[in-house]
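Structural overview for review
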Amino acid sequence: MTRDRYIDFLRALAICLVVLGHWLITGLVRRPDGTISAPELLATVHWTQWLTLGFQIMPLFFLAGGYAAGGSWARWSAAGGEAAVWVRGRALRLLLPTAAYAGLVLLAVAVCAGVGVDPGTLALVGWALGMQFWFLPVYLLLSALTPALHAAHRRWGLLVPVAMGVVAVVADVLTVAAHTPYVGQVDYVLVWGVPYQLGFCWRDGLLTPRRLQLAMAAGGAAAFAALVGFGPFPVSLILVSDETVSNTNPPSAAMLAWAVAQTGLCLLLAPAARRLLARDRVWRWVRPVGGASMTLYLWHMVPVLVLAAVLYLTDLAPEPAYGAGLWWLLRLPWLLLLSTVLVGLVLLLRPLERGLTQAYLRTRPDGPVRRPVLGGLGLVACVVALARWAVTGFAYQGRFQPLPALLFALGAALVVLAVSGSAAHRPHGVGNVQLGGGRPAQAEAVEPALPEVQVVRRGETSYTVGFQEKR
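On a predicted model such as this, the values are computed, not experimentally measured, just so you know. (Residues numbered from 1 in each chain as written. Predicted model: local features only at pLDDT ≥ 70, side-chain atom pairs only at ≥ 80, totals over all residues. Heavy atoms only, no water.)

**Some words on the overall build of the protein**
Of the regular secondary structure elements, the protein holds 19 helices and six strands. Restricting the contact set of the protein to residue pairs at least 6 apart, pairs at least 24 apart contribute 79%. With an accessible surface of roughly 20,900 Å², the protein has 68% of that area assigned to carbon and sulfur atoms. (Helix = DSSP H or I, 4+ residues; strand = E, 2+ residues; numbered from the N terminus. Contact = heavy atoms within 4.5 Å. Areas by Shrake-Rupley, 256 points an atom, 1.4 Å probe, with all protein chains shown as cover.)

Right, dumping it as structure tokens:
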């Protein structure tokens with residue numbers, strides 16, 4: 001079993017910077033009436049928008065995802081595997097932990113709404129717990145489109161991300177200049193799809209020339225500087241409420257340029273980074289973060305709510321002027337406390353993660369997907385529900401919203417039930433994981449959305465300790 005440690009590192013780095021970025025810009029203020037508000041730091045202290053250039057690193061997550069998905073799908077299809085089976089397996093890796101998180105959050109929202117928690121506070125909490133969900137519907141769509149995108153890659157290579165980028169820029173012009181409604185929504189798939197597609201190209205050696213890497217890094221950075229300095233786009237790579245043009249809602253041409261620049265820089269640093277990651281002492285720090293990436297991504301705002309209750313509702317937290325020097329100095333203990341709570345939360349969630357791993361192994365198909373239409377409808381329903389939560393949060397207007405919850409539950413159920421048949425339908429050459437009862441489960445290169453598991457052999461018996469993926 002071999003892994004490209006640099007891909008795992010990029011994924012871990014992206015998740016860590018997203019978590020730290022969200023924590024850094026979350027500033028809480030206790031009002032005179034005892035309620036807590038969270039003023040928007042990027043809109044209040046405008047220079048902080050420049051910090052988003054360092055923290056907006058999600059293009060690298062899509063790049064690493066495309067790299068891994070390209071290898072996984074290439075092996076699966078070469079061995080005769082069905083596209084629907086592969087897509088369903090990838091979807092379940094995201095949907096199962098997301099369903100567990102969303103279910104617990106919705107239960108808490110329903111209880112709070114039932115006991116009469118202030119609607120404004122509940123709406124703020126529901127938004128904070130769903131703010132990271134924008135990534136999930138986009139990634140689900142790209143995963144579902146991977147067979148078609150990879151087929152295009154095999155035929156046209158680098159022309160595919162170039163064409164996607166051109167269409168994205170045209171859509172952005174129509175959105176920003178002509179104010180054409182709805183056209184910009186395609187950029188969620190096109191702009192984030194460019195680094196995903198570049199992951200295919202990277203894996204197949206199409207981005208190896210150093211001159212090309214330098215051109216991507218320098219050209220992308222120059223294009224971003226021009227679009228921000230002379231164009232209509234803001235410098236912030238995170239949505240700011242008082243801006244008429246955004247780089248993320250939908251993703252803009254400036255975001256596309258920044259994604260290309262990040263990709264070029266990532267490729268330039270790859271040889272040195274791989275040499276560093278070859279050291280086991282370094283790898284031991286990276287590997288656990290990569291294995292817990294989905295848990296960290298989903299649950300990282302819960303510690304904010306915990307500390308808000310412990311420190312702000314009790315009036316224990318010092319509150320200097322928002323954005324002042326002392327306020328920034330207190331960011332350090334704030335981040336340290338949040339990190340401590342998150343580590344404890346991850347340890348507390350270990351039993352849940354093990355249960356999700358076993359649920360994943362049980363729900364993966366042993367036979368072909370004979371109801372792909374149901375699976376497709378289920379994915380669409382999940383994408384719509386996740387997008388709704390990303391925009392409005394889990395408690396829009398301070399109330400429990402049953403419609404997106406039912407839509408997500410129905411969609412996830414359709415994805416699970418799309419498989420039928422009991423005959424073994426596993427392509428040759430795909431790795432297996434032996435469960436305790438001897439029943440094999442397919443294993444392919446997928447994001448470590450669920451906890452990493454290893455199979456430990458003792459004598460003649462195999463004990464399932466976890467799920468060791470192959471790339």
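**Some remarks on the environment of proline 59**
As for its placement among the helices and strands, proline 59 is situated in helix H4 (residues 58-78). For proline 59, a relative accessible area of 0% translates into the label buried. In the structure, proline 59 is positioned 45 residues away from alanine 14 in sequence and 8.5 Å away in space, judged by C-alpha atoms. Those residues in contact with proline 59 that lie beyond four places of it in its chain are Trp192, Pro195, Ala259 and Gln262. (Buried < 20%, exposed > 50% of the residue type's maximum accessible area, 1.4 Å probe, protein only.)

**Re a nonpolar patch on the surface**
The grouping of Leu107, Val111, Val115 and Val117 at the surface amounts to a nonpolar patch, some 350 Å² of accessible area in total. Mapped onto the secondary structure, valine 111 falls in helix H5 (residues 83-114). According to the relative accessible area criterion, valine 111 is partly exposed, its value standing at 47%. (Patch = residues over 30% accessible without salt bridge, like charges linked within 9 Å, V, L, I, M, F, W, Y side chains within 5 Å. Salt bridge = Lys/Arg side-chain N within 4 Å of Asp/Glu carboxyl O.)

**Section: the pattern of salt bridges**
Per the stated rule, a full pass over the model turns up five salt bridges. As a salt-bridge pair, arginine 274 and aspartate 4 come within 2.7 Å of each other at their nearest N and O atoms. Of this pair, arginine 274 sits in helix H11 (residues 253-277) while aspartate 4 sits in the segment before helix H1 (5-25); the two residues are 270 residues apart in sequence, bridging distant segments of the chain. What makes aspartate 4 buried here is its relative accessible area of 13%. Across the salt bridge formed by arginine 11 and aspartate 8, the nearest N and O atoms sit 2.9 Å from each other. Here arginine 11 pairs with aspartate 8, and both are found in helix H1, just three residues apart, close to one helical turn. Just as arginine 11 is buried, aspartate 8 falls in that class too.

**A short note on helix H10 (residues 210-229)**
Taking 1.5 Å of rise per residue, 20 residues should cover 28 Å, and H10 covers 28 Å from first to last C-alpha, within 8% of that figure. Buried within H10 are the following residues: Gln213, Met216, Ala217, Gly220 and Phe224. Mapping the buried residues of H10 onto a view down its axis gives an arc of 90°, with all of them on the same face. Exposed positions of H10 whose direction lies more than 90 degrees from the buried face are Arg210, Arg211 and Gly229. The inward-facing, buried residues of H10 contact helix H3 (52-55), helix H9 (187-203) and H11. (Expected span 1.5 Å × (residues − 1). Arc of directions from axis to C-beta.)

**Considerations on the side chain of arginine 331**
Mapping arginine 331 onto the fold places it in helix H16 (residues 331-348). Although arginine 331 is buried, it makes no salt bridge; glutamate 319 carries the closest opposite charge, 9.5 Å away. A distance of 3.0 Å separates a polar side-chain atom of arginine 331 from the backbone oxygen of threonine 26. Setting aside anything within four residues of it in sequence, one finds arginine 331 in contact with Trp23, Leu24, Thr26 and Gly27. (Lys, Arg positive; Asp, Glu negative; His and termini not counted. Polar contact = N/O pair within 3.5 Å; in protein donor to acceptor, adjacent residues only side chain to side chain.)

**A word on the confidence of the model for the protein**
Here the protein shows a mean pLDDT of 86. Residues at 70 or above account for 87%. Counting contacts from residues 421-426, a segment whose pLDDT is below 50, to residues more than four positions away or on other chains yields 14 contacts. Confidence drops under pLDDT 50 across residues 428-471; counting only partners more than four residues distant or on other chains, this segment forms 142 contacts. (pLDDT = per-residue confidence, 0-100.)

**Notes on unusual backbone geometry**
Residue proline 250 is reached from asparagine 249 by a cis peptide bond, and omega for that bond is 0°. The phi dihedral of tyrosine 182 falls on the positive side, at around 70°, and the residue is not glycine. Secondary-structure assignment places tyrosine 182 in the loop between helix H8 (159-176) and H9.

**Digging into the packing of aromatic side chains**
This model, assessed by the stated rule, comprises 27 aromatic pairs. Plain terms: the ring middles of phenylalanine 133 and phenylalanine 394 are 5.4 Å apart, the flat faces sit at 80° to each other, and that makes the pair edge-to-face. Placement of the pair is phenylalanine 133 in the loop between helix H6 (119-128) and helix H7 (135-156) and phenylalanine 394 in the loop between helix H18 (372-392) and helix H19 (402-417), with a sequence separation of 261 residues. Each member of the pair, phenylalanine 133 as well as phenylalanine 394, carries the same accessibility label: buried. Here the guanidinium or amino end of arginine 93 rests over the ring plane of tyrosine 360, the centre of that ring lying 4.8 Å away. Sitting above the plane of the tyrosine 396 ring, arginine 388 keeps its charged end 5.3 Å from the centroid. (Phe/Tyr/Trp six-rings, centres within 6.5 Å; stacked < 30°, edge-to-face > 60°. Lys NZ or Arg CZ within 6 Å of the ring centre and 35° of its normal.)

**Things to note about the side chain of serine 236**
Relative to the assigned elements, serine 236 resides in the loop between H10 and H11. There is a polar contact of 2.6 Å between the side chain of serine 236 and the backbone oxygen of isoleucine 238. Look past the residues within four positions of serine 236 in its chain and what remains in contact with it is Leu42, Gln49, Thr52, Glu243 and Asn247.

**Focus on the packing of H4 against H11**
It is at 10 Å that the axes of H4 and H11 come closest, and there the two elements cross at 65°. Regarding H4 and H11, the two cross each other, and that crossing is right-handed. Facing H4, whose interface residues are Pro59, Leu60, Leu63 and Tyr67, H11 presents Ala259, Gln262, Thr263, Cys266 and Arg274. For the contact of H4 with H11, the class distribution of residues is six nonpolar, two polar and one charged. (Axes fitted to C-alpha atoms, helices over the stretch in contact; angles between N-to-C directions. Left-handed = near helix turned anticlockwise from the far one by under 90°. Nonpolar A, V, L, I, M, F, W, Y, C, P; charged D, E, K, R; others polar.)

**Let's talk about the packing of H1 against H11**
Geometry of a packed helix pair, given as the angle between the helix axes and the separation of the axes. Close contact between H1 and H11 brings their axes to 9 Å; oriented N to C, the two are set at 110°. In this view, H1 runs roughly perpendicular relative to H11, as classed from their interaxial angle. Residues Arg5, Tyr6, Phe9 and Leu10 of H1 form the contact with H11, whose own contacting residues are Cys266, Leu269, Ala270, Ala273, Arg274 and Leu277. Classifying every residue of the contact of H1 with H11 by side-chain character gives eight nonpolar, no polar and two charged. (Parallel < 35°, antiparallel > 145°, perpendicular 65-115°, else oblique.)

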